[in-house]
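# Structure assessment
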Amino acid sequence: MSPDDLRALVRHHIEDGFNRDDWTVCQSTLADDYTAYYGAEGKANVGREAYVRACKFLRHSFPDVNITIEDLVVEGDKVVMRYTERGTLSGRPFLGIEPAGQHYAKPGTTVYRVVDGRLAESWGVEDTLGWFRQLGGVPEMRS
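Every value quoted in this text rests on a predicted model; they were computed, and no experiment measured them.

Conventions used here
Residues numbered from 1 in each chain as written. Predicted model: local features only at pLDDT ≥ 70, side-chain atom pairs only at ≥ 80, totals over all residues. Heavy atoms only, no water. Helix = DSSP H or I, 4+ residues; strand = E, 2+ residues; numbered from the N terminus. Salt bridge = Lys/Arg side-chain N within 4 Å of Asp/Glu carboxyl O. Buried < 20%, exposed > 50% of the residue type's maximum accessible area, 1.4 Å probe, protein only. Phe/Tyr/Trp six-rings, centres within 6.5 Å; stacked < 30°, edge-to-face > 60°. Lys NZ or Arg CZ within 6 Å of the ring centre and 35° of its normal. Contact = heavy atoms within 4.5 Å. Polar contact = N/O pair within 3.5 Å; in protein donor to acceptor, adjacent residues only side chain to side chain.

A word on unusual backbone geometry. The backbone phi angle of aspartate 21 is positive, close to 60°, even though this residue is not glycine. Here aspartate 21 is to be found in the loop between α1 (3-18) and α2 (26-29). Positive phi outside glycine occurs at aspartate 116, with the angle close to 50°.

Moving on: the pattern of salt bridges. The final tally for this structure, using the stated rule, is 11 salt bridges. As a salt-bridge pair, arginine 118 and aspartate 32 come within 3.7 Å of each other at their nearest N and O atoms. Of this pair, arginine 118 sits in strand β6 (residues 118-126) while aspartate 32 sits in strand β1 (residues 30-38); the two residues are 86 residues apart in sequence, bridging distant segments of the chain. For arginine 118, a relative accessible area of 28% gives the class partly exposed. Residue classification places aspartate 32 among the exposed positions, given a relative accessible area of 54%. Glutamate 85 is paired through a salt bridge with lysine 106; the nearest N and O atoms lie 3.3 Å apart.

Summed over all chains, the structure comprises 11 aromatic pairs. With a centroid separation of 5.2 Å and an interplanar angle of 75°, the aromatic rings of phenylalanine 62 and tyrosine 104 are classed as edge-to-face. One end of the pair, phenylalanine 62, is in the loop between α3 (48-61) and β3 (66-75); the other, tyrosine 104, is in strand β5 (residues 102-115), and 42 residues separate them in sequence. Residue phenylalanine 62 shares its accessibility class with tyrosine 104, and that shared class is buried. Between phenylalanine 94 and phenylalanine 132, the ring centres sit 6.1 Å apart and the planes meet at 35°, which makes this aromatic pair tilted. Here phenylalanine 94 is found in the loop between β4 (78-89) and β5, whereas its partner phenylalanine 132 is found in helix α4 (residues 128-135), with 38 residues between them in sequence. The exposure class assigned to phenylalanine 132 is buried, which follows from its relative accessible area of 16%. Within the aromatic cluster, the residues linked to one another by ring pairs are Phe57, Phe62, Phe94, Tyr104, Trp131 and Phe132. A cation sits over an aromatic face here: arginine 59 above phenylalanine 18, 5.4 Å from the ring centre.

Among the secondary structure elements, arginine 48 is positioned in helix α3. Overall, the relative accessible area of 10% leaves arginine 48 in the buried class. Separated by 25 residues in the primary sequence, arginine 48 and tryptophan 23 have C-alpha atoms spaced 9.8 Å apart. The contacts of arginine 48, once residues within four sequence positions are left out, are Cys26, Gln27, Leu30, Ala31, Asp32, Tyr34 and Arg118. A distance of 2.6 Å separates the side chain of arginine 48 from the side chain of aspartate 32, its partner in a polar contact.

The structure is reproduced here in structure tokens:
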């Protein structure tokens, strides 16, 4: 795949799938055994269905969740996406935080590896502490 094809794959996955709540897009964009690594411990969600479950869980609390792609950089079989995720806690409580219309903007970076035209693996880093502060789940530190 060309660099433009790789960028288009990630855009299709995010803009047509995630942002539009259309999980059928995952059938063409994610490998069957898609593995998403996250956190300092390198934990992983394995499989396309695990990805869809995690996204649906998020959307139950944040019905308007949306990702804005800020940058896409291609190197070989990898695509690096810098993004901002935004949403409003207006659905179900989220990890013990009650919904009260809290808005958030969470920056993050994901590196995708593409195999046979599908996203096979990803490694993601997000500002989770800043996200929870915006939701009122973690108090601001004061000096």
